[in-house]
Amino acid sequence: MEKIAVFPGSFDPITLGHFDIIKRSIPLFNKIIVAIGVNAEKKYMFSLDERKKFIENAFADEPTIEVTTYEGLTIDFCKKRNAKYILRGLRNPADFEFEKAIAHTNRTLSNIETIFLLTAAETSFISSSIVRDVIRNNGDYKLLVPQSVRLEK
(Lines give C-alpha, C1' and ligand atoms only; values in the text may rest on other atoms or scores of the structure.)
Protein backbone atom coordinates (compact mmCIF):
# COMPACT_ATOMS: atom_id res chain seq x y z
CA MET A 1 0.00 0.00 0.00
CA GLU A 2 1.30 3.40 -0.96
CA LYS A 3 1.77 5.71 2.03
CA ILE A 4 0.66 9.21 0.99
CA ALA A 5 0.68 12.16 3.37
CA VAL A 6 -0.77 15.62 2.90
CA PHE A 7 1.06 18.53 4.53
CA PRO A 8 -1.55 21.32 4.47
CA GLY A 9 -0.95 24.99 5.17
CA SER A 10 -0.99 28.48 3.76
CA PHE A 11 2.83 28.63 3.51
CA ASP A 12 2.82 32.44 3.35
CA PRO A 13 5.78 31.93 2.94
CA ILE A 14 7.32 28.50 3.53
CA THR A 15 9.77 28.73 6.44
CA LEU A 16 12.82 26.71 7.47
CA GLY A 17 10.51 25.03 10.00
CA HIS A 18 8.18 23.80 7.23
CA PHE A 19 11.19 22.83 5.11
CA ASP A 20 12.65 20.77 7.98
CA ILE A 21 9.37 18.93 8.64
CA ILE A 22 8.98 18.05 4.94
CA LYS A 23 12.62 16.94 4.60
CA ARG A 24 12.43 14.71 7.68
CA SER A 25 9.16 13.12 6.47
CA ILE A 26 10.51 12.02 3.08
CA PRO A 27 11.71 8.61 4.40
CA LEU A 28 8.37 8.02 6.15
CA PHE A 29 6.07 8.26 3.11
CA ASN A 30 6.06 7.22 -0.55
CA LYS A 31 4.64 10.62 -1.45
CA ILE A 32 4.13 13.92 0.36
CA ILE A 33 1.61 16.35 -1.08
CA VAL A 34 2.33 19.87 0.12
CA ALA A 35 -1.18 21.29 -0.15
CA ILE A 36 -1.59 25.05 -0.12
CA GLY A 37 -5.04 25.86 1.23
CA VAL A 38 -6.98 28.60 -0.50
CA ASN A 39 -9.00 30.81 1.84
CA ALA A 40 -10.79 33.72 0.17
CA GLU A 41 -11.21 35.43 3.58
CA LYS A 42 -7.48 35.63 4.22
CA LYS A 43 -5.15 38.39 3.06
CA TYR A 44 -1.86 36.88 1.92
CA MET A 45 1.50 38.62 1.50
CA PHE A 46 2.45 36.31 -1.38
CA SER A 47 0.26 35.20 -4.27
CA LEU A 48 -0.74 31.55 -4.60
CA ASP A 49 1.63 31.20 -7.58
CA GLU A 50 4.54 32.67 -5.61
CA ARG A 51 3.93 30.40 -2.62
CA LYS A 52 3.67 27.36 -4.90
CA LYS A 53 6.90 28.31 -6.73
CA PHE A 54 8.81 28.84 -3.45
CA ILE A 55 7.94 25.29 -2.37
CA GLU A 56 8.44 23.67 -5.79
CA ASN A 57 11.88 25.28 -6.10
CA ALA A 58 12.84 24.25 -2.55
CA PHE A 59 12.08 20.61 -3.38
CA ALA A 60 12.99 20.54 -7.09
CA ASP A 61 15.28 17.54 -6.52
CA GLU A 62 12.74 15.52 -4.52
CA PRO A 63 10.57 13.35 -6.79
CA THR A 64 8.30 12.24 -3.92
CA ILE A 65 7.19 15.82 -3.15
CA GLU A 66 4.19 17.24 -5.00
CA VAL A 67 2.98 20.81 -4.51
CA THR A 68 -0.63 21.68 -5.21
CA THR A 69 -3.49 23.88 -4.03
CA TYR A 70 -6.91 23.02 -2.66
CA GLU A 71 -10.11 24.50 -1.28
CA GLY A 72 -12.45 23.10 1.32
CA LEU A 73 -11.84 20.55 4.04
CA THR A 74 -8.41 18.97 4.21
CA ILE A 75 -9.94 15.51 4.76
CA ASP A 76 -11.98 15.84 1.55
CA PHE A 77 -8.78 16.71 -0.32
CA CYS A 78 -7.03 13.72 1.30
CA LYS A 79 -9.81 11.37 0.19
CA LYS A 80 -9.58 12.64 -3.41
CA ARG A 81 -5.84 12.01 -3.40
CA ASN A 82 -6.00 8.64 -1.53
CA ALA A 83 -3.91 10.07 1.30
CA LYS A 84 -4.34 8.26 4.62
CA TYR A 85 -2.19 10.69 6.61
CA ILE A 86 -2.09 14.39 7.41
CA LEU A 87 1.34 15.65 8.36
CA ARG A 88 1.66 18.52 10.86
CA GLY A 89 4.58 20.19 12.59
CA LEU A 90 4.48 21.16 16.26
CA ARG A 91 6.52 24.08 17.60
CA ASN A 92 5.13 24.43 21.11
CA PRO A 93 2.38 23.32 23.53
CA ALA A 94 -0.09 25.86 22.09
CA ASP A 95 0.38 24.30 18.62
CA PHE A 96 -0.25 20.87 20.13
CA GLU A 97 -3.54 21.85 21.77
CA PHE A 98 -4.82 23.51 18.58
CA GLU A 99 -3.66 20.69 16.29
CA LYS A 100 -4.96 17.98 18.63
CA ALA A 101 -8.51 19.33 18.36
CA ILE A 102 -8.28 19.39 14.56
CA ALA A 103 -6.78 15.87 14.47
CA HIS A 104 -9.59 14.48 16.66
CA THR A 105 -12.18 16.16 14.44
CA ASN A 106 -10.56 14.82 11.28
CA ARG A 107 -10.41 11.28 12.68
CA THR A 108 -14.07 11.51 13.75
CA LEU A 109 -15.10 12.60 10.23
CA SER A 110 -12.78 10.20 8.35
CA ASN A 111 -10.29 7.41 8.85
CA ILE A 112 -7.36 9.75 8.20
CA GLU A 113 -4.60 9.81 10.81
CA THR A 114 -2.65 12.93 11.71
CA ILE A 115 1.10 12.45 12.14
CA PHE A 116 2.89 15.06 14.25
CA LEU A 117 6.58 15.85 13.95
CA LEU A 118 8.27 18.19 16.39
CA THR A 119 10.13 21.02 14.76
CA ALA A 120 13.88 21.06 15.18
CA ALA A 121 15.00 23.13 18.16
CA GLU A 122 16.79 25.60 15.89
CA THR A 123 13.63 26.33 13.85
CA SER A 124 10.97 26.06 16.56
CA PHE A 125 10.64 29.83 16.97
CA ILE A 126 9.96 30.51 13.27
CA SER A 127 6.44 31.14 11.99
CA SER A 128 5.22 32.53 8.69
CA SER A 129 3.70 35.51 10.52
CA ILE A 130 7.10 36.33 12.08
CA VAL A 131 8.73 36.05 8.64
CA ARG A 132 6.10 38.37 7.11
CA ASP A 133 6.74 40.90 9.89
CA VAL A 134 10.50 40.77 9.30
CA ILE A 135 9.94 41.27 5.53
CA ARG A 136 7.50 44.16 6.11
CA ASN A 137 10.11 45.87 8.28
CA ASN A 138 13.01 45.25 5.88
CA GLY A 139 14.75 42.75 8.18
CA ASP A 140 17.00 39.88 7.09
CA TYR A 141 14.29 37.28 6.45
CA LYS A 142 16.76 35.03 4.54
CA LEU A 143 17.85 33.45 7.84
CA LEU A 144 14.29 32.14 8.37
CA VAL A 145 13.30 30.70 4.96
CA PRO A 146 14.67 28.24 2.39
CA GLN A 147 16.86 29.67 -0.35
CA SER A 148 13.95 29.43 -2.80
CA VAL A 149 12.25 32.36 -1.01
CA ARG A 150 14.13 35.31 -2.41
CA LEU A 151 12.46 38.62 -3.07
CA GLU A 152 13.55 41.20 -5.62
CA LYS A 153 13.74 44.67 -4.16
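Note that the structure is a prediction, hence the values are computed from the model and not measured.

> Any chance you could explain the overall build of the protein here in plain terms?
Along its length, the protein carries five helices and five strands. For a compact globule of 153 residues, the expected C-alpha radius of gyration is about 15 Å, and the protein comes in at 15 Å, within 12% of that figure. The buried share of the protein, taken over its 153 residues, is 44%. Working note: accessible area of the protein is about 8600 Å², and carbon and sulfur atoms make up 53% of it.

> Whenever I open this one, the sheet that holds strand β5 (residues 113–118) confuses me. Can you help?
Pairing between sheet strands relies on hydrogen bonds along the backbone, with the strands arranged either parallel or antiparallel. A sheet is described by the order of its strands in space; here five strands give the open sequence β3-β2-β1-β4-β5, paired in parallel fashion. This sheet does not close on itself; its edge strands, each paired only once, are β3 (65–70) and β5. Strand after strand, the sheet turns through a mean of 30 degrees between neighbouring axes, direction not considered. Sheet topology note: the strand β4 (residues 85–90)/β5 ladder contains six bridges and is parallel. Looking across to β5, one finds that Tyr85 is bridged to Glu113. In this fold helix α1 (residues 16–25) packs onto β1 (4–9), β2 (31–37), β3, β4 and β5, with an angle of close to 115 degrees to the strand it touches most, β5.

> Even after reading the chapter, I still don't get the packing of aromatic side chains, so can you show me in this structure?
One pair of aromatic rings is described through two measures. These are the centre distance and the angle between the planes. Considering all chains together, one arrives at six aromatic pairs under this definition. Summarising the aromatic geometry, the rings of Phe19 and Phe59 are spaced 4.9 Å apart at their centres and angled 25 degrees between planes, so their arrangement reads as stacked. Here the residue Phe19 occupies a position in helix α1, and Phe59 occupies one in the loop between α2 (48–58) and β3, the gap between them amounting to 40 residues. According to the relative accessible area criterion, Phe19 is partly exposed, its value standing at 22%. A residue is classified by how much of its surface remains accessible, and Phe59, at 4% relative accessible area, is buried. On the basis of an interplanar angle of 80 degrees and a centroid distance of 5.3 Å, the ring pair of Phe46 and Phe54 is categorised as edge-to-face. Exposure remark for Phe46: the relative accessible area of 6% places this residue in the buried category. Here the guanidinium or amino end of Arg51 rests over the ring plane of Tyr44, the centre of that ring lying 3.8 Å away.

> Could you clarify how one ought to interpret the nonpolar core in this entry?
Where a protein is soluble and globular, its nonpolar side chains tend to be buried together. With 27 residues, the main nonpolar core has Ile32, Val34, Ile55, Ile65 and Leu87 as its most contacted residues. Looking at this core, the elements that each hand over two or more residues are β1, α1, β2, α2, β3 and α5 (128–136). If we ignore the near neighbours within four places in the chain, the residues touching Ile32 are Ala5, Phe7, Ile22, Ser25, Ile26, Thr64, Ile65, Glu66 and Leu87. Among the nonpolar cores identified, the runner-up in size contains eleven residues, and Cys78, Ala83, Ile86 and Ile112 belong to it.

What counts as what
- Residues numbered from 1 in each chain as written.
- Predicted model: local features only at pLDDT ≥ 70, side-chain atom pairs only at ≥ 80, totals over all residues.
- Heavy atoms only, no water.
- Helix = DSSP H or I, 4+ residues; strand = E, 2+ residues; numbered from the N terminus.
- Rg over C-alpha atoms; globule rule 2.2 N^0.38 Å.
- Buried < 20%, exposed > 50% of the residue type's maximum accessible area, 1.4 Å probe, protein only.
- Areas by Shrake-Rupley, 256 points an atom, 1.4 Å probe, with all protein chains shown as cover.
- Pairing = 2+ DSSP bridges.
- Axes fitted to C-alpha atoms, helices over the stretch in contact; angles between N-to-C directions.
- Contact = heavy atoms within 4.5 Å.
- Phe/Tyr/Trp six-rings, centres within 6.5 Å; stacked < 30°, edge-to-face > 60°.
- Lys NZ or Arg CZ within 6 Å of the ring centre and 35° of its normal.
- Core = buried A, V, L, I, M, F, W, Y, C linked by side-chain atoms within 4.5 Å.

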